[in-house]
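For reference, the chains in residue letters:
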Amino acid sequence: MFQAAILNPVGLYISANTPSDHKLLNRLVSIGMNQVFSEQNVNLDRCTVQRVTKYHPPQIVEEREDVAIISEVSPRGACLAGKQGLPIVSSAATTPGGYQALAANWELYERYAVKHNKLADRRNWSLVAPMHIAETRETARTEVATKLPQWLEKHNNLQGLLRGFSNPVDALTKHQFAVIGNHEDALEQVSRLSKITGGFGNLLLLVHDWADHDSIYRSMELCLAALTNAPSWRH
């Protein structure tokens, strides 16, 4: 069975809406993020692809041992993952609803794991976080100014976060959905997630196309350097 505990503490998360830019993904993986979670079938060189499944009936999950279960806001994913003893990925961890549901969903995961004689290990819990950082906050904001609004147009579920804001960067950072700033902002977000969860195993950086390839690559480098040197958030 796949064990999330063997991951690097920082990995990549490819959602079904992520553009299939294999050249960029290979480049990102080359900096040391050698574990990739994906909601779609992705074949990359020099990396391991771990398929992530959303809620399915238990008999489907039982046929696969190389899966992790998505838990968004609904408790169904957490209950299923606990019952099957599978790793869990909180893909909506930084949305308002997903953030508030983190502790409750882990409690359900533990309860179902115990009930079905499975191990509930926080090292098998991964949280997804959207981040784009640079050497300065202003640089990061400038880098995403053009492409971030285009990305948001494809994600209707996030439109509510934009109400009352003229700048989408302000909206996403004020709601603490995304980190768009520097390494200190990244560490602050992880500390916030660690506090509400009581500790988790792995942080998955959402792969996005908010900026040009070089800026995205640099952002991932900075995230990896900052977060892997701050292990206190890991359970």
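Residues numbered from 1 in each chain as written. Predicted model: local features only at pLDDT ≥ 70, side-chain atom pairs only at ≥ 80, totals over all residues. Heavy atoms only, no water.

Considering the packing of aromatic side chains
Quick note on the threshold: Here the aromatic set is Phe, Tyr and Trp, taking the six-membered ring for Trp, and pairing holds for ring centres within 6.5 Å; pairs whose planes are under 30 degrees apart are stacked, those over 60 apart are edge-to-face, and all others are tilted. Only DSSP runs of H or I reaching four residues or more are called helices, and only runs of E reaching two or more are called strands; each is numbered from the N terminus. Relative accessibility thresholds used throughout: buried, under 20% of the residue-type maximum; exposed, over 50%; partly exposed, between the two (1.4 Å probe, protein chains only).
A full pass over the atoms with the stated rule returns three aromatic pairs. Relative to tyrosine 109, the ring of tryptophan 106 lies with its centre 4.6 Å away and its plane at 20 degrees, an arrangement referred to as stacked. In this pair, tryptophan 106 and tyrosine 109 both sit in helix 4 (residues 96–115), three residues apart, roughly one turn of the helix. For tryptophan 106, a relative accessible area of 3% gives the class buried. Grouped by ring-pair contacts, the aromatic residues Trp106, Tyr109 and Trp125 constitute a single cluster.

Here we look at the environment of leucine 12
Inspection of the secondary structure assignment puts leucine 12 in strand 1 (residues 10–14). Measuring from C-alpha to C-alpha, the distance between leucine 12 and valine 36 comes to 5.0 Å, with 24 residues separating the pair along the chain.

As for the nonpolar core
Here is the rule we go by: The nonpolar core is taken to be a set of buried Ala, Val, Leu, Ile, Met, Phe, Trp, Tyr and Cys residues, with the residues joined through side-chain atoms within 4.5 Å. Any two residues whose heavy atoms approach within 4.5 Å at even a single point are treated as in contact.
One finds Leu28, Met131, Leu193 and Leu203 to be the most contacted residues of the largest nonpolar core, which totals 40 residues. Those residues in contact with methionine 131 that sit more than four places away from it in its chain are Val179, Ala186, Gln189, Val190, Leu203, Leu205, His208, Trp210, Ser219, Cys223 and Leu227. The next biggest cluster of nonpolar side chains, apart from the first, holds 22 residues, and it includes Ala68, Ile70, Val144 and Phe177.

Considering the confidence of the model for the chain
Heads up, the condition is: The pLDDT value expresses, per residue, how confident the predictor is, ranging between 0 and 100.
On average, residues of the chain score 82 in pLDDT, and 76% of them are at 70 or above. Across residues 1–8, where pLDDT falls below 50, the model places 29 contacts with residues more than four positions away in sequence or in other chains. Below pLDDT 50 for its whole length, residues 55–65 participates in 16 contacts with residues either more than four positions away or in separate chains.

A look at helix 8 (residues 183–197)
Just so we agree on the cut-off: A helix is expected to reach a length of 1.5 Å times the quantity of its residues less one. In protein, a polar contact requires one atom able to donate a hydrogen and another able to accept it; more generally it is a pair of N or O atoms within 3.5 Å, and residues adjacent in sequence count only if both atoms are side-chain atoms.
Taking 1.5 Å as the rise per residue, helix 8 with 15 residues should run 21 Å; its terminal C-alpha atoms sit 21 Å apart, in good agreement. Of all the residues in helix 8, the buried ones are Asp185, Ala186, Gln189, Val190, Arg192, Leu193, Ser194 and Thr197. Sitting at the amino-terminal end of helix 8 is asparagine 182, which places a side-chain oxygen 3.0 Å from the backbone nitrogen of glutamate 184. Positive phi shows up at glycine 198, right after helix 8, with a value of about 85 degrees.

Thoughts on the pairing of strand 4 (residues 68–71)
How we decide: A strand pair is defined by DSSP finding two or more bridges across the two strands. If the strands point away from the viewer and the path from the first strand over the helix to the second runs clockwise, then the crossover is right-handed.
Where strand 4 and strand 5 (residues 88–90) come together, three bridges link them in parallel fashion. Considered in strand 5, the bridge of isoleucine 69 is made with isoleucine 88. Between strand 4 and its parallel partner strand 5, the chain crosses via helix 3 (residues 76–84), and the hand of that crossover is right-handed.

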